[in-house]
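# Topology and contacts: notes
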Amino acid sequence: MKILVPIKRVVDFNVKVRVKPDGSGVDLANVKMAMNPFDEIAVEEALRLKESGVAEEIVVVSIGPAEAADTIRTGLAMGADRGILIKTDQPTEPLAVAKALKAIVAEEKPGLIILGKQAIDDDCNQTGQMLAALLGWPQGTFASKIVIDGDAVTVTREVDGGLETVKLRLPAVITTDLRLNEPRYASLPNIMKAKKKPIDEKTAAELGVDLAPRLKVLKVTAPPARRAGVKLASVSELIEKLRNEAGVL
Amino acid sequence: MTTLLVAEHDDGGLKETTARALAATLELGDDVHLLVAGKDCTPAADAAARLVGVAKVLHADADHLAHQLAEPLAALVVSLAGSFDALIAPATTFGKNLMPRVAALLDVAQVSDITRVVAPDTFERPIYAGNAIETVHTTDAKQVITVRCSAFRPVSEGEQAALIETIAVPAPADALSSFVSAEIPELERPELTAARVIISGGRAFQSAENFGKYLEPVADKLGAAIGASRAAVDAGYAANDLQVGQTGKVVAPDLYIACGISGAIQHLAGMKDSKVIVAINKDPEAPIFQVADYGLVGDVFEILPQLEKAL
């Protein structure tokens, strides 16, 4: 089985972004970028399925600017076999990304797609579900456990209040949650090896997909700031404040 | 504008998230229909009909809608979409699972997690873990939206019940997915997203045992829900569904008590809209103090037992 792992280049999770003064967006100049953390978990899960003999090949695919090749290279250094970059300098919305991925699926014919449940930049949480819909495949979102069993996959999902386990007919789309696994670090020899692994470049036009955004961002603002309050000396002072000043007890 | 709100429920009753999402839906227009789809979900449909502002309840009851799996439920919502200008659901794991599937089938760009309705086609939503708020305008003829429930007050129940229309749902030709099992522990405490008071723990607890031993007595006294930081979940001290933060639950209770939580931006994203924030932390420089109304510098193992006694 071939596994397709779509990955996104995003602002590193440790960076606190700043809104541009003109309200046109957030300032991404000279900001550290990295693979979306949930996508790292997706790559890791695919690698484990390959190591356990369930999968033969892992293809990572990203949609974005030329620099997204670095993110693909990170996936290759972790152990993926080859990469595909759909190059665009436009901002990409989940629906357009799902359409581009559908075109890649038509070429690659994977038996399973694993991707992050959410990108930590736009926080949309849509792409996996949309891709499953466009392909007419079942979906296992927010996965914390994946077990392949013949022509089906059993997915344990993190849902509000607990866990839900569903069985999906393959091929299927799975989105990863935090507890699925702990992604590995790429070793130096693997980083060197990754430099020789192939990355195919494509454009949306070649795939016959229109990436034009449908949503118009009117403005981006900073959230209302919260001011630091007071430090108190004792528990009794805290209770007094909560009772009489804040009125929440 | 006619809107369809997909109700979140457990067949036996409605989740509070539905009443919150309804508040946002009513801001888009006053002709709101509520879809209650499931198996043996008449009690939930009856409850839906009592919510103030609901014009009509669409009640779909069928074997294949049991457990409300995304594939058949999305197909049902899409089949109903023709009569509606907007399709809405709460941005919970239920709505997040369902609505993008609906949106893609309708070729609509979804607007996720709205926190404010600026106009019926313009919304505010947080991005970058809440470090920026974007105002987006939709250009699609139809809208698909999920609502961040903590940003809206729940609509209450009224005297008069709306009309309930039973709709027939033909079973799909072949099932793509099937339900295997669920592990939903019985809650002894209020649910995180509905709680008035939340007490959360972080890495400082050092073990799952301590996490329960020190937090539970205080939570019991306060009638509070228990939350956790990602660090505490990662370390195995707390279950994942207790996680408050960018990728966990987003909460806005009246009182949020952060215990031994440093205040990473991912955590702040999940709780900074709380009315009153209390931080208890050993490190006086911890970023959590920058958002806390009241801070206590000290060891959670000493302060929490004191707090429990004093309450």
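See the structure above.
In what follows, the accompanying structure is described. By convention here, each chain's residues receive numbers from 1 onward along its written sequence. Chains and ligands are labelled sequentially in the order written, the chains with letters from A and the ligands with numbers from 1. In keeping with the model being predicted, local features are shown solely for residues with a pLDDT of at least 70 and side-chain atom pairs are shown and tallied solely at 80 or more, while totals for entire chains, interfaces and linings include all residues.

### Overview of the overall build of chain B
Short version of the rule: Each helix corresponds to a stretch of at least 4 residues labelled H or I by DSSP, and each strand to a stretch of at least 2 residues labelled E; elements are numbered beginning at the N terminus. It is over C-alpha atoms that the radius of gyration is taken, and the globule rule equals 2.2 Å times the number of residues to the power 0.38. In this scheme the burial state of a residue depends on its C-beta neighbours within 10 Å: 20 or more other such atoms mean buried, 12 or fewer mean exposed, and anything in between means partly exposed; the C-beta positions come from the backbone.
When its secondary structure is counted, chain B shows eight helices and 16 strands. Against the compact-globule benchmark of 19 Å for 311 residues, chain B has a radius of gyration of 21 Å, which places it among compact chains. When the 311 residues of chain B are sorted by exposure, 59% land in the buried category.

### Structural notes on the overall build of chain A
Quick reminder of the rule: Contact between two residues is assigned whenever their backbone-derived C-beta positions fall within 7 Å.
Scanning chain A for helices and strands turns up seven helices and 13 strands. Considering only C-alpha atoms, chain A reaches an extent of 65 × 45 × 40 Å along its principal axes. Counting across all 249 residues of chain A, residues that qualify as buried make up 49%. At a minimum sequence separation of 6, the contacts of chain A that also span at least 24 residues come to 68%.

### Re the interface of chain B and chain A
As a reminder of what qualifies: Under the grouping applied here, Gly and all other residues not named as nonpolar or charged are polar, the nonpolar ones being Ala, Val, Leu, Ile, Met, Phe, Trp, Tyr, Cys and Pro and the charged ones Asp, Glu, Lys and Arg. Strands are labelled as partners when DSSP assigns at least two bridges between them.
With 70 residues of chain B at the contact, the number on the chain A side is 67 residues. In terms of residue count, the dominant contributor to the side of chain B that touches chain A is helix H4 (residues 93-105) of chain B (eight residues). A breakdown of the residues in the side of chain B that touches chain A according to their chemical character gives 36 nonpolar, 22 polar and 12 charged. Judged from the six bridges that link them, strand E9 (residues 162-169) of chain A and strand E11 (residues 177-183) of chain B form a sheet pairing that is antiparallel. Across the sheet, residue valine 166 of chain A finds its bridge partner in E11 of chain B, namely phenylalanine 179 of chain B.

### A word on unusual backbone geometry
With an omega of 0 degrees, the peptide bond running from leucine 170 of chain A to proline 171 of chain A counts as cis. Turning to its location among the elements, proline 171 of chain A is positioned in the loop between E9 and strand E10 (172-176). The backbone phi angle of aspartate 40 of chain B is positive, close to 55 degrees, even though this residue is not glycine. Within the fold, aspartate 40 of chain B resides in the loop between strand E2 (31-38) and helix H2 (42-50). A tally of 12 C-beta atoms within 10 Å means that aspartate 40 of chain B is categorised as exposed.

### Digging into the nonpolar core
Note the cut-off: The nonpolar core is taken to be a set of buried Ala, Val, Leu, Ile, Met, Phe, Trp, Tyr and Cys residues joined by way of C-beta atoms within 7 Å.
By size, the foremost hydrophobic cluster in this structure holds 122 residues, and its most contacted members are Val5 of chain A together with Ala48 of chain B. Of all the elements, helix H3 (residues 94-108) of chain A adds the most residues to this core, at eight residues. Apart from the residues lying within four places of it in its own chain, the contact partners of alanine 48 of chain B are Ala7, Leu14, Leu34, Val36, Val54 and Val57 of chain B. Judged by nonpolar contacts, the second largest core, of 66 residues, contains Ala219, Ala225, Ala231 and Val278 of chain B.

### Considerations on the sheet that holds strand E8 (residues 132-138) of chain B
Note the cut-off: An axis is simply a line fitted to the C-alpha atoms; with a helix, the fit covers only the stretch in contact. Between two such axes, the angle follows the N-to-C directions and lies from 0 to 180 degrees.
With respect to topology, four strands assemble into an open sheet ordered E12(A)-E8(B)-E7(B)-E6(B), the strand pairing being antiparallel. The two strands at the open ends of the sheet, each matched to only one other strand, are strand E12 (215-221) of chain A together with strand E6 (116-119) of chain B. Strand-to-strand twist in this sheet, taken as the mean axis angle between neighbours without regard to direction, amounts to 30 degrees. Relative to strand E7 (residues 122-127) of chain B, E6 of chain B runs antiparallel, the two being bridged by three bridges. Paired with alanine 119 of chain B across the strands is threonine 122 of chain B, a residue of E7 of chain B.

### Description of the sheet that holds strand E6 (residues 112-116) of chain A
Taking strand neighbours across the sheet as the criterion, the 10 strands line up as E11(A)-E5(A)-E4(A)-E1(A)-E6(A)-E10(A)-E7(A)-E8(A)-E9(A)-E11(B) in an open arrangement whose pairing is mixed. Each having just a single partner strand, strand E11 (199-203) of chain A together with E11 of chain B make up the two edges of the open sheet. Taken pair by pair, the neighbouring strands of this sheet meet at an average axis angle of 30 degrees, ignoring direction. Bridging between E6 of chain A and E10 of chain A involves five bridges; their strand directions are parallel. Bridge pairing in E10 of chain A links leucine 112 of chain A to alanine 172 of chain A.

### A short note on H3 of chain A
Using the following cut-off: In a helix, the anticipated span is given by 1.5 Å times the number of residues less one.
With 15 residues, H3 of chain A ought to run about 21 Å at 1.5 Å a step, and its terminal C-alpha atoms sit 20 Å apart, in line with that. Taken as a whole, H3 of chain A has its buried residues at Pro94, Leu95, Ala96, Val97, Ala98, Lys99, Ala100, Leu101, Ile104 and Val105 of chain A. On the buried face of H3 of chain A, the contacting elements are strand E1 (2-7), strand E4 (57-64), strand E5 (82-87), helix H4 (127-135) and helix H6 (204-207) of chain A together with H4 of chain B.

### Quick word on the pairing of strand E9 (residues 143-147) of chain B
Residues and elements named next belong to chain B. Counting buried residues in E9 gives five out of five residues, a clear majority hidden from the surface. Relative to E9, strand E5 (residues 111-114) is paired through two bridges, and the arrangement is parallel. Looking across to E9, one finds that isoleucine 114 is bridged to valine 147.

### A short note on the packing of helix H5 (residues 208-222) of chain B against helix H8 (residues 300-310) of chain B
Residues and elements named next belong to chain B. The test is simple: An angle below 35 degrees is read as roughly parallel, one above 145 as roughly antiparallel, one from 65 to 115 as roughly perpendicular, and any other as oblique. Should the near helix be turned counterclockwise from the far one by less than a right angle, the crossing is left-handed, whereas a clockwise turn marks it as right-handed.
As a packed pair, H5 and H8 sit with axes 9 Å apart at the nearest point and diverge in direction by 25 degrees. The pairing of H5 with H8 is recorded here as roughly parallel in orientation. At the point where H5 passes H8, the crossing takes the left-handed sense. Here H5 contributes Tyr214, Pro217, Val218 and Lys221 to the contact with H8, which in turn contributes Val300, Phe301, Leu304, Leu307 and Glu308. Tallied by class, the residues present in the contact of H5 with H8 amount to seven nonpolar, no polar and two charged.

### A closer look at the environment of isoleucine 280 of chain B
All names here are of chain B. Positionally, isoleucine 280 belongs in strand E15 (residues 276-281). On a C-alpha basis, the gap between isoleucine 280 and aspartate 299 in space is 7.7 Å, while along the polypeptide they are 19 residues apart. If sequence neighbours within four positions are ignored, isoleucine 280 has contacts with Cys259, Gly260, Leu296, Gly298, Val300 and Ile303.

### Regarding the environment of proline 91 of chain A
Residue and element names in this part refer to chain A. Position of proline 91 among the secondary structure elements: in the loop between E5 and H3. In this structure proline 91 comes out as partly exposed when scored by C-beta crowding, with 14 C-beta atoms within 10 Å. Separated by 27 residues in sequence, proline 91 and glycine 64 have C-alpha atoms that sit 8.0 Å apart.

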